[in-house]
Amino acid sequence: MIMGISRAIFTYLIFPGIAFSFFMGGIGWWLERKLSARFQYRVGPPWYQTFLDLAKLFIKETTIPTGAVKTLFVISPLISFSATAMFSAIVAQGYFFQKNAVADVIVLLYLLIIPSLFIILGAFSSRNALALVGAARETKLMLAYEFVFIISLIIVIIKSGGSILLSDIIRYQAQNGMHLKSASGFIAITLSIFYIQAKLGIVPFDMAEADQEIMAGTMIEYSGPLLGFFRASKTLLYFSLPLFIITLLGVVPGDTLPAKILFVALEYLIVILIISIIKNINPRARIKDALSFFWFFLSPLGIIGILLALKGM
Amino acid sequence: MGLKEKILTKSLWVFHLSVGSCNNCDIEILDCLTPRFDIERLGMQLIGSVRHADVILVTGALNKKSTPILKNIYAQAPKPCFVVAIGTCPCSRHMFKDSYNTISALDEVMPVDLYIPGCPPKPEAIIAGLAKLIKKVTRK
Ligand code: SF4
């Protein structure tokens, strides 16, 4: 009994749960910065920079703006962090020990929306004009990218025989090869990559946090540990979001744990590389352009993908 | 040397504040981020909001209009936060010393941790100055 509980705690907190995701996410974020630096012929930060930045935020002072809605302002980062922590624990569990994956994709989708929602709420509660602009942009962007992601989820669900359980999706792919190989799976991964880009607020979809226009937008009033919690949840998402996409679309059949870790590391590297290439060859899009890109280009593409999936392609 | 200072100085986020410069110093600050100088390798990052700042880089000569704004912004920054005067203007009021509008140098208004004189200072000088700031903080 005690063994079982301590084992569960270990798997949720250390490996492959929160600590592991956190470490990989930090490395991924650094890799993205380093690649951007190399694209611009710069040297770039050392590999531990993400963790140092976070540690530094936790030793700084917290300032709360006068006139802010204090409670909401303070709890928003905490809720956002706990939702992402839960999300990463469930996804990592699901991928590495398929038996434990009881969660379905609807729960995961719901957990994914919470951080963005509380970023918006935190910005609204901070009583800053630029934060309001950022929050409004994030809201509009959310309408765009969540829709596209739901389409790619539908494709995955259709392809794995109508099951919404993470473990079933994994098992289906382990038996029949990954979804990525088919035409509709390829469309789904395209949509998902843009979803990651928009969700993590990476150029060209960083208009909610645009440093040069609206001075960090939604994050403008946050400082010290509160900002640290937001950044920590982003660090977690840096790994668990690509891992979720890999789980949905690109499971490589492999039984042993080292093989799984190797494949995940490889696929993760490829995702980060694609993300930073998109980041470095595009300027920041205007909110209108981003919306029309998601709604009038990616969504029809996704609907074609659904039709293909229904045909079994 | 404490762990706290070590972490702080390895991840300095700089906030760039012009209180009436001729724009030359600002361009030199941006030069520090270009491929040749790249201060991101030292963990420094130019950020947009003063709430995230560890270092405030002040350029330009203080005048009657910008002094209250500067004080306000300094009060908003979470401590510990260092103030760096970039260029001769904030260090000593430079050629605007006798102007009716520039009433004080920067260090008469707020504590200054580092002065980098020059009109404008070279990027090398700015980086050398920041290295001195790091040394000063970690030795304390
Ligand atoms: S120090 Fe010289 S270059 Fe810098 S703001 Fe003053 S006048 Fe301009």
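Residues numbered from 1 in each chain as written. Chains lettered and ligands numbered in written order. Predicted model: local features only at pLDDT ≥ 70, side-chain atom pairs only at ≥ 80, totals over all residues. Heavy atoms only, no water.

A.B. asks: Describe the site of the ligand, with residues and values.
C.D. replies: In the neighbourhood of the ligand, the contacting residues comprise S21(B), C22(B), N24(B), C25(B), G87(B), T88(B), C89(B), H94(B), G118(B), C119(B) and P120(B). Grouping the amino acids of the shell around the ligand by side-chain chemistry returns 5 nonpolar, 6 polar and no charged. (Near = heavy atom within 4 Å. Nonpolar A, V, L, I, M, F, W, Y, C, P; charged D, E, K, R; others polar.)

A.B. asks: Break down the packing of aromatic side chains for me, with residues and values.
C.D. replies: Scanning all chains against the criterion turns up 20 aromatic pairs over all chains. Residues F293(A) and F294(A) carry aromatic rings whose centres are separated by 5.8 Å and whose planes lie at 75° to one another, so their mutual orientation is edge-to-face. By relative accessible area, F293(A) is classed as partly exposed at 24%. An aromatic cluster is built from F87(A), Y145(A), F149(A), Y195(A) and F244(A), whose rings are joined through pairwise contacts. When the ring centre of W13(B) is taken as origin, the NZ or CZ atom of K56(A), which lies over that ring, is 3.7 Å away. Across the ring face of Y74(B), the terminal group of K79(B) is positioned such that the distance to the ring centre comes to 4.8 Å. (Phe/Tyr/Trp six-rings, centres within 6.5 Å; stacked < 30°, edge-to-face > 60°. Buried < 20%, exposed > 50% of the residue type's maximum accessible area, 1.4 Å probe, protein only. Lys NZ or Arg CZ within 6 Å of the ring centre and 35° of its normal.)

A.B. asks: A description of the pattern of salt bridges should follow, citing residues and the corresponding values.
C.D. replies: Evaluation of the coordinates by the stated rule reveals 13 salt bridges over all chains. For R42(A), the salt bridge is made with E40(B), and the minimal N-O distance between the two is 2.6 Å. Here R42(A) is found in the loop between α2 (18-39) and α3 (49-59), whereas its partner E40(B) is found in the loop between α2 (24-31) and β2 (45-46) on a different chain. For the pair R42(A) and E40(B), one class covers both residues: buried. (Salt bridge = Lys/Arg side-chain N within 4 Å of Asp/Glu carboxyl O. Helix = DSSP H or I, 4+ residues; strand = E, 2+ residues; numbered from the N terminus.)

A.B. asks: Summarise the interface of chain B and chain A; cite the residues concerned and give the values.
C.D. replies: Facing the 27 residues of chain B at the interface are 30 residues of chain A. Summing the contributions of chain B and of chain A, the shared interface buries around 2300 Å²; its carbon and sulfur component is 55%. It is W13(B), E40(B) and R51(B) that lose the most area in chain B upon contact with chain A, and together they represent 26% of the buried surface on that side. For the interface between chain B and chain A, the tally reads 6 salt bridges. The partner of D54(B) in a salt bridge is K60(A), with the nearest N and O atoms 2.8 Å apart. The greatest single-element share of the side of chain B that touches chain A, amounting to 4 residues, is contributed by helix α1 (residues 3-10) of chain B. (Contact = heavy atoms within 4.5 Å. Buried area = accessible area lost by both parts, 1.4 Å probe.)

A.B. asks: Go over the nonpolar core, please, and point to the residues and values.
C.D. replies: Counting 79 residues, the largest nonpolar core has F87(A), F149(A), F244(A), L248(A) and F294(A) as its most contacted members. Looking at this core element by element, the count peaks at 13 residues for helix α6 (residues 129-159) of chain A. Residues contacting L248(A), with those up to four places away along its chain left out, are V105(A), F149(A), L153(A), V156(A), L166(A), I169(A), Q173(A) and H179(A). Core analysis: the next-biggest nonpolar cluster, separate from the first, contains 30 residues, F73(A), A216(A), Y222(A) and L106(B) among them. (Core = buried A, V, L, I, M, F, W, Y, C linked by side-chain atoms within 4.5 Å.)

A.B. asks: Account for the sheet that holds strand β1 (residues 13-18) of chain B, naming residues and giving values.
C.D. replies: Residues and elements named next belong to chain B. Spatially, the 5 strands line up as an open sheet ordered β2-β1-β3-β4-β5, and their pairing is parallel. Only two strands of the sheet have a single neighbouring strand rather than two, namely β2 and β5 (114-116). Where strand β3 (residues 55-59) lies against strand β4 (residues 82-86), 5 bridges are found, and the strand directions are parallel. Residue V58 lies in a different strand from β4, and its bridge partner there is A85. (Pairing = 2+ DSSP bridges.)

A.B. asks: I'd like a rundown of a nonpolar patch on the surface, residues and numbers included.
C.D. replies: All names here are of chain A. Side chains of I5, I9, F10, Y12, L13 and I14 sit close together on the surface and give an oily, nonpolar patch of about 560 Å² of accessible area. Secondary-structure assignment places I5 in helix α1 (residues 2-13). The exposure class assigned to I5 is partly exposed, which follows from its relative accessible area of 45%. (Patch = residues over 30% accessible without salt bridge, like charges linked within 9 Å, V, L, I, M, F, W, Y side chains within 5 Å. Areas by Shrake-Rupley, 256 points an atom, 1.4 Å probe, with all protein chains shown as cover.)

A.B. asks: I'd like to hear about the pairing of β4(B), residue by residue, with values.
C.D. replies: Residues and elements named next belong to chain B. Where burial is concerned, most of β4 is hidden: 5 out of the 5 residues are buried. A two-sided burial pattern is seen for β4, the buried positions comprising F82, V84 and I86 on one face and V83 and A85 on the other. What joins β3 to β4 is helix α3 (residues 66-76), and the crossover it makes is right-handed. The pairing of β4 with β5 spans 3 bridges and is parallel. When the bridges of β5 are listed, I86 appears paired with I116. (Right-handed = clockwise from strand over helix to strand, strands pointing away.)

A.B. asks: Can you explain the packing of helix α8 (residues 183-199) of chain A against helix α12 (residues 287-311) of chain A? Please cite residues and give values.
C.D. replies: Residue and element names in this part refer to chain A. Taken N-terminus to C-terminus, the directions of α8 and α12 make an angle of 150°; their axes are 8 Å apart at the nearest point. On the basis of their axis angle, the class for α8 and α12 is roughly antiparallel. Where α8 crosses over α12, the two elements pack in a sense that is left-handed. Contacts between α8 and α12 involve A183, S184, I187, L191, F194 and A198 from the first element and F293, F294, L298, L301, G302, G305, L308 and A309 from the second. For the contact of α8 with α12, the residue count by class is 11 nonpolar, 3 polar and no charged. (Axes fitted to C-alpha atoms, helices over the stretch in contact; angles between N-to-C directions. Parallel < 35°, antiparallel > 145°, perpendicular 65-115°, else oblique. Left-handed = near helix turned anticlockwise from the far one by under 90°.)

A.B. asks: Explain α8(A) residue by residue, including any values.
C.D. replies: Residues and elements named next belong to chain A. Its 17 residues give α8 an end-to-end C-alpha distance of 24 Å, which sits within 8% of 24 Å, the value for a rise of 1.5 Å per residue. With 14 of 17 residues buried, α8 is to be regarded as a mostly interior element. In the stretch just after α8, G201 is the one whose phi turns positive, near 65°. (Expected span 1.5 Å × (residues − 1).)

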